[in-house]
Structure formats: C-alpha cells, structure tokens
Amino acid sequence: DVKVTQSSRYLVKRTGEKVFLECVQDMDHENMFWYRQDPGLGLRLIYFSYDVKMKEKGDIPEGYSVSREKKERFSLILESASTNQTSMYLCASRPTGPGYGYTFGSGTRLTVV
Amino acid sequence: AQSVTQPDIHITVSEGASLELRCNYSYGATPYLFWYVQSPGQGLQLLLKYFSGDTLVQGIKGFEAEFKRSQSSFNLRKPSVHWSDAAEYFCAVAFTTSGTYKYIFGTGTRLKVLA
C-alpha cells in the first residue's frame, strides 16, 4: 500500500525550540507539500517542493523553512517555535499534473507551550 | 478571485439516510475537482475526482459526486449513510494561474451520523 509517513503523531515543544517534522513517501512522487490545518480555516499551504533541493513558498511560509535533500523525504522546520504554531501539520505528495489527487500522511499534532 | 466554498460547517444525518454535501467554486473555466475525507486523527483520503466526461463520478466507499457547470457546483452524495462515514469532508479544486496549477481546499463539512 502506497504511503506518506510522518515521523511523529504528537509533539509537544517549548517556545523558542527548533522543531523538525519529517515526512517520507514511497510512491516516487515529484511533488511534496506541507499544510497546516486549523479549525475553521481548512488547509493552508506552508511550502511545497517539485523536485529535490527545490522549494516554493506557499500561502503562509513565515516562521517555517523546508528541506528536500532526497526525493522521498521532505522536512518542515520551525526555526523558533511559537504558540501560534500549535496546529495539525499534514504532509502530502502528488505526481506532476493537475488531475492527480494528493496522498496525505496521518498528520502531526504539534503543541507549543 | 478563485475560491471554493463549502456552505455547511456541520451536517447531522441518521444512519441509513441519504447524504448530500455541497461544494461551490468560483473560476472562469471548469477546474479539476476533488473530494477528500478525513477520519478523526487521520490525514485526508481521496474519495473521487472529476475533470471531464460524465458529470456523475463514482468514488470509493459508495460515494458519488455530480458536476453542474451551470451552478458551479460539485456536490457529494451517498444514498445510505453508515455510522463509519462520520468524518470531515473537504472539497478541493485545481485551476491554472500564471501557467501553473494551484489547489484550493474548502474549509470542510463535519458529518455526524446518528444511530
């Protein structure tokens, strides 16, 4: 079964910490994405990558960075975690082309205290 | 500007009843259209998609959706709801902008199923 795997289901971090969220896909998809999901706001795109070492800002990139050193792995980095970054983070991948849907990971619920 | 709207935040239906979840979009042409389901504590799973051809599309778990160009809608339906269908449902559209494709997700409709 094809899969997008996020390394942690739940994380609790302190304000100011540097936080790494890891995502791995086994489908050889070119495109990978990080979204955050908050009640009433739906999914908001943080960053995406269409190739190894390539990255593009999404709608809400402030306070985040990403890394894609290998095709199957896409990491989200919170440089200095803040309480307003408490959220559900969803990683997804997709082949190139508009007709393809996303495959999502199970999500990481991050709490910053 | 392009947008997608799910007018209903919450819907409650009885088990065995029929279901229709609404999705409307704003775009000058026909976009690519998708429905996803998110079970509690999980990521989103693709239910079905449409971009051309027959306007009634079948998906997984017994769901179907109908594209209506005149109404800019892509409503999700199921003839008989099961308790396991309780989840949050997201409509999404993909459209071209400046030569690239952009996806927008609706804000979701949470479905509650009464026994």
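Keep in mind that this is a model prediction, so the values were computed, not measured.

Caption draft 1: Region of the structure containing the overall build of chain A. Check the secondary structure of chain A and you find zero helices and 12 strands. Mapped in sequence order, the helices and strands of chain A form the string β-β-β-β-β-β-β-β-β-β-β-β. Taking 2.2 N^0.38 as the reference for a compact globule, 113 residues should give roughly 13 Å; the C-alpha atoms of chain A span a radius of gyration of 13 Å, in line with that estimate. Its C-alpha atoms give chain A principal-axis dimensions of roughly 40 × 30 × 25 Å. Relative to its full complement of 113 residues, chain A shows a buried share of 50%. The contacts in chain A between residues at least 6 apart in sequence include a share of 54% that link residues at least 24 apart. A total of about 5500 Å² of accessible surface is found on chain A, and carbon and sulfur atoms cover 50% of it. Separation between the mean location of the 16 positive side-chain charges and that of the 14 negative ones in chain A comes to 5 Å.

Caption draft 2: Local environment of the overall build of chain B. When you go through chain B residue by residue, the secondary structure sums to zero helices and 12 strands. Ordered by position from the N terminus, the helices and strands of chain B form the series β-β-β-β-β-β-β-β-β-β-β-β. For 115 residues, the compact-globule estimate of 2.2 N^0.38 gives 13 Å, and the C-alpha radius of gyration of chain B, at 14 Å, lies within 12% of that figure. Reported as C-alpha extents along the three principal axes, the dimensions of chain B are approximately 50 × 30 × 20 Å. Counting across all 115 residues of chain B, residues that qualify as buried make up 43%. At a minimum sequence separation of 6, the contacts of chain B that also span at least 24 residues come to 53%. Per element, the accessible surface of chain B, about 5600 Å² overall, is 49% carbon and sulfur.

Caption draft 3: Structural detail: the layout of surface pockets. The computed volume of the largest pocket comes to approximately 640 Å³. Lining the largest pocket are 26 residues, and of these Leu45 and Phe48 of chain A together with Tyr101, Lys102 and Tyr103 of chain B sit closest to its centre. Counting only elements with at least two residues in the lining of the largest pocket, the list comes to strand S5 (31–38), strand S6 (42–49) and strand S7 (56–57) of chain A together with strand S11 (100–105) of chain B. The element best represented in the lining of the largest pocket is S11 of chain B, accounting for six residues. One number sums up the size of the second largest pocket: a volume of about 520 Å³. Along the wall of the second largest pocket there are 25 residues; nearest its centre are Phe104 of chain A together with Gln42, Gly43, Leu44 and Gln45 of chain B. Those elements giving two or more residues to the lining of the second largest pocket turn out to be strand S1 (4–6) and strand S11 (103–104) of chain A together with strand S6 (44–50) and strand S10 (87–97) of chain B. Taken together, the residues of the lining of the second largest pocket sort by class into nine nonpolar, 11 polar and five charged.

Caption draft 4: Structural detail: the state of the cysteines. Residue and element names in this part refer to chain B. Taken as a whole and judged by the stated rule, the model has two disulfides over all chains. Disulfide partner of Cys23: Cys91, at an S-S distance of 1.9 Å. Taking the sign of the S-S torsion, about -60° here, the bridge from Cys23 to Cys91 comes out left-handed. Here Cys23, found in the loop between strand S3 (19–21) and strand S4 (24–26), pairs with Cys91, found in strand S10; they are 68 residues apart in sequence, far enough to count as distant. Judged on exposure class, the residue Cys23 and its partner Cys91 are both buried.

Caption draft 5: Region of the structure containing the nonpolar core. Counting residues in each nonpolar core, the largest one holds 28 residues, and the members touching the most others are Leu19, Trp35, Leu47, Leu48, Phe74, Leu76 and Tyr89 of chain B. Elements that contribute at least two residues to this core include exactly strand S2 (10–14), S3, strand S5 (32–38), S6, strand S8 (64–68), strand S9 (73–78), S10 and strand S12 (109–114) of chain B. Among the elements that make up this core, the one with the highest residue count is S10 of chain B (five residues). Each residue touching Leu47 of chain B, except ones within four places of it in the same chain, is listed here: Trp35, Tyr36, Val37, Gly59, Ile60, Lys61, Phe63, Leu76 and Tyr89 of chain B. Counting 21 residues, the second-largest nonpolar core is a separate cluster that includes Val19, Leu21, Ile60 and Cys91 of chain A.

Caption draft 6: Spatial organisation of the pattern of salt bridges. This model, assessed by the stated rule, comprises 11 salt bridges over all chains. Between Asp38 of chain A and Arg36 of chain A there is a salt bridge, with its nearest N and O atoms 2.8 Å apart. Of the residues examined, Arg36 of chain A reaches a relative accessible area of 7% and is grouped as buried. A salt bridge links Arg77 of chain B to Glu64 of chain B; the shortest N-O distance between them is 3.3 Å. Of this pair, Arg77 of chain B sits in strand S9 while Glu64 of chain B sits in strand S8; the two residues are 13 residues apart in sequence, bridging distant segments of the chain. Beyond isolated ion pairs, a larger network of salt bridges with shared partners links Arg36, Asp38 and Arg44 of chain A.

Conventions used here
- Residues numbered from 1 in each chain as written.
- Chains lettered and ligands numbered in written order.
- Predicted model: local features only at pLDDT ≥ 70, side-chain atom pairs only at ≥ 80, totals over all residues.
- Heavy atoms only, no water.
- Helix = DSSP H or I, 4+ residues; strand = E, 2+ residues; numbered from the N terminus.
- Rg over C-alpha atoms; globule rule 2.2 N^0.38 Å.
- Buried < 20%, exposed > 50% of the residue type's maximum accessible area, 1.4 Å probe, protein only.
- Contact = heavy atoms within 4.5 Å.
- Areas by Shrake-Rupley, 256 points an atom, 1.4 Å probe, with all protein chains shown as cover.
- Lys, Arg positive; Asp, Glu negative; His and termini not counted.
- Charge placed at Lys NZ, Arg CZ, Asp CG, Glu CD.
- 1 Å grid on protein atoms, 1.4 Å probe; cavity = no way out; pocket = protein on both sides within 12 Å on 5 of 7 lines; lining within 4 Å.
- Points joined across faces, edges and corners; volume = space filled by probe spheres on them.
- Nonpolar A, V, L, I, M, F, W, Y, C, P; charged D, E, K, R; others polar.
- Disulfide = S-S within 2.5 Å.
- Core = buried A, V, L, I, M, F, W, Y, C linked by side-chain atoms within 4.5 Å.
- Salt bridge = Lys/Arg side-chain N within 4 Å of Asp/Glu carboxyl O.

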